[in-house]
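Understanding the architecture of this molecule
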Amino acid sequence: MATTTSLDKSRLVAHEGATLNAETPLHLLEPALTPVENFFVRNNGVWPDLPPGDPEAWSLTVGGSVAQPRRWRLSELKAEFEVVSLSAVLECAGNGRAMLDPPVEGVAWGLGAVGCARFTGVRLRDILSACEPLPEAVYTAHHSPDRTAKGAVALSRGLPLWKAAAPETLLAFAMNDAPLPFEHGGPLRVVAPGFPGSAWQKWVNRIDLRDRVHDGAKMNGLDYRLPEKPLAPDDDPTQTSFGVIEDMPVRSIITAPSAEVSLRTGAPIEVAGWAWAGRIPVTAVHISTDGGRSWGQAELASSEERWAWRRFRWTGVANAEGPIEIIARASDAVGRSQPLSAHWNPRGYCNNACHRVELDVV
Ligand SMILES: Nc1nc2c(c(=O)[nH]1)N[C@H]1C(S)=C(S)[C@@H](COP(=O)(O)O)O[C@H]1N2
Ligand SMILES: [Mo]
């Protein structure tokens, strides 16, 4: 029997799946830190059976290409290693998939498969060094008890050693300063800022170091991988090589105004939202209210938190009556900007096309 869940996710928009897959309506993404109740949920299998209410009945085992295999209870992890906190964006690689044309298979996410939260845990690199990695180790393999409805491993992802050893990569046991909820991988999950959500393994109870790229469930074929060169919908994907997604592209979302609002002629249009990126930081956001013909630079708040999203604001004027379309376009430090329309790929990953909101001026 699956563990019962306790968070009220009723404000989210649910998609199909063997268990909860639900995204956040964009107006609920207004706060800098997304409350856990409003945080999107993605499950590749059904809820695992975990001992409810007793995190100490659970343990983490580390082995594989290490000289010292080890096992810890949660309290032992907290006692042995430095506990750190950081705010980070968690975004599903399939966020924005529903906007692909032609449509592709997979959960039809709009733009709400993303949130920003404060995660507290221990650094993965500290745990790995305690186990003394062997020189051959190049990749981690993460294991969890969740299974598909047919009983297969739901997801077993890993990280290249450079990312596993990066200071921002955590095994987290708290989210927004409360114990990590079961729905989000409690008692312990991977936090891999900048990497796609699929790399943020939930309910992790075993980590093996490997001498090659991990090949667990959802690491092969078209899963969470992108073609190395652009593919057209009619192209045969088996004729192209695919690479594991290791970085999320620059993106922004408009959280206000929402499409339900109508503006009066001459009134200010106050646009606000969030911008973020993966390894290469976001540097600017531009706004258009004329379908992309002209752009104004938004004010972009600085953030002491490298992996959190950043607020942008821009104010214009609703000049003429009729429908207007607000477009937000973020750019990163190497000059990449969000495309105006989606770049198609077979599974619809990393669609960072500009967010557009249509309003009426009356
Ligand atoms: N064990 C396990 N971890 C998992 C998954 C899963 O199905 N099983 N889904 C992954 C995917 S695809 C995403 S986008 C994130 C979503 O995290 P959330 O449900 O906390 O929002 O969890 C990741 N970790
Ligand atoms: Mo995902």
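As a reminder, the structure under discussion sits directly above these lines.
Description of the structure in this document. (Residues numbered from 1 in each chain as written. Chains lettered and ligands numbered in written order. Predicted model: local features only at pLDDT ≥ 70, side-chain atom pairs only at ≥ 80, totals over all residues. Heavy atoms only, no water.)

With that out of the way, let us pick up the pattern of salt bridges. Summed over all chains, the structure comprises 15 salt bridges. Two residues, Glu 80 and Arg 70, come together in a salt bridge whose shortest N-O distance is 2.8 Å. Here Arg 70 lies in strand S4 (residues 70-73) and Glu 80 lies in helix H1 (residues 74-80), a separation of ten residues in the sequence. Across the pair Glu 325 and Arg 356 runs a salt bridge, and its minimum N-O distance is 3.2 Å. Residue Glu 325 is located in strand S21 (residues 322-332), and its partner Arg 356 is located in strand S22 (residues 355-361); the two are separated by 31 residues in the primary sequence. Because the salt bridges share partners, they merge into one network encompassing Glu 105, Asp 223 and Arg 347. (Salt bridge = Lys/Arg side-chain N within 4 Å of Asp/Glu carboxyl O. Helix = DSSP H or I, 4+ residues; strand = E, 2+ residues; numbered from the N terminus.)

Now for the layout of surface pockets. Considered as a void within the structure, the largest pocket measures approximately 670 Å³ in volume. Lining the largest pocket are 26 residues, and of these Leu 226, Pro 227, Pro 249, His 343 and Cys 350 sit closest to its centre. Only strand S12 (225-227) and strand S13 (242-244) provide two or more residues apiece to the lining of the largest pocket. (1 Å grid on protein atoms, 1.4 Å probe; cavity = no way out; pocket = protein on both sides within 12 Å on 5 of 7 lines; lining within 4 Å. Points joined across faces, edges and corners; volume = space filled by probe spheres on them.)

Counting residues in hydrophobic clusters, the biggest one holds 53 residues, and the most contacted among them are Leu 60, Ile 127, Leu 171 and Leu 188. Counting residues per element, the ones that place at least two in this core are strand S3 (59-64), H1, strand S5 (83-91), strand S6 (114-123), helix H2 (124-130), strand S8 (170-175), strand S10 (189-191) and strand S11 (206-210). The element best represented in this core is S8, accounting for six residues. Residues Ile 254, Leu 263, Val 357 and Leu 359 belong to the second largest nonpolar core, which totals 22 residues. (Core = buried A, V, L, I, M, F, W, Y, C linked by side-chain atoms within 4.5 Å. Buried < 20%, exposed > 50% of the residue type's maximum accessible area, 1.4 Å probe, protein only.)

Here the focus is the sheet that holds S11. Strand pairing in a sheet relies on backbone hydrogen bonds. The paired strands run either parallel or antiparallel. Strand order in the open sheet formed by four strands is S4-S3-S11-S7, and the pairing between neighbours is mixed. In this open sheet, the two strands that pair with only one neighbour each are S4 and strand S7 (139-143). In this sheet, adjacent strand axes meet at a mean angle of 15 degrees when their direction is disregarded. In terms of strand pairing, S7 meets S11 through five bridges, oriented antiparallel. Across the sheet, Tyr 139 pairs through a bridge with Arg 210, a residue of S11. (Pairing = 2+ DSSP bridges. Axes fitted to C-alpha atoms, helices over the stretch in contact; angles between N-to-C directions.)

Taken together, four strands build an open sheet; the order of strands is S14-S16-S20-S19 and the sheet is antiparallel. Every interior strand has two partners, whereas the edge strands, strand S14 (251-256) and strand S19 (299-300), have only one. In terms of strand pairing, S14 meets strand S16 (residues 268-276) through five bridges, oriented antiparallel. Each residue of the ladder has a partner; that of Ile 254, found in S16, is Gly 273.

Evaluated as defined, the whole model comprises eleven aromatic pairs. For the pair Phe 119 and Trp 200, a centre-to-centre distance of 5.4 Å together with 65 degrees between the ring planes defines the contact as edge-to-face. Taken as a pair, Phe 119 in strand S6 and Trp 200 in the loop between S10 and S11 lie far apart in primary sequence, 81 residues in all. With relative accessibility at 0%, the residue Phe 119 sits in the buried group. Accessibility expressed as a relative area gives 1% for Trp 200, which makes it buried. Here a set of aromatic residues connected by ring pairs shows up, and it is made of Phe 39, Phe 40 and Trp 109. Positioned above the aromatic ring of Trp 307 is the side chain of Lys 163, whose terminal nitrogen or guanidinium carbon lies 4.7 Å from the ring centre. (Phe/Tyr/Trp six-rings, centres within 6.5 Å; stacked < 30°, edge-to-face > 60°. Lys NZ or Arg CZ within 6 Å of the ring centre and 35° of its normal.)

For the structure on display, the rule yields two cavities of 30 Å³ or more. Here the largest cavity is characterised by a volume of approximately 260 Å³. In terms of lining residues, the largest cavity is bounded by 20 residues, among which Arg 42, Arg 189, Gly 197, Trp 200 and Lys 202 are the most central. By residue class, the composition of the lining of the largest cavity is nine nonpolar, seven polar and four charged. (Nonpolar A, V, L, I, M, F, W, Y, C, P; charged D, E, K, R; others polar.)

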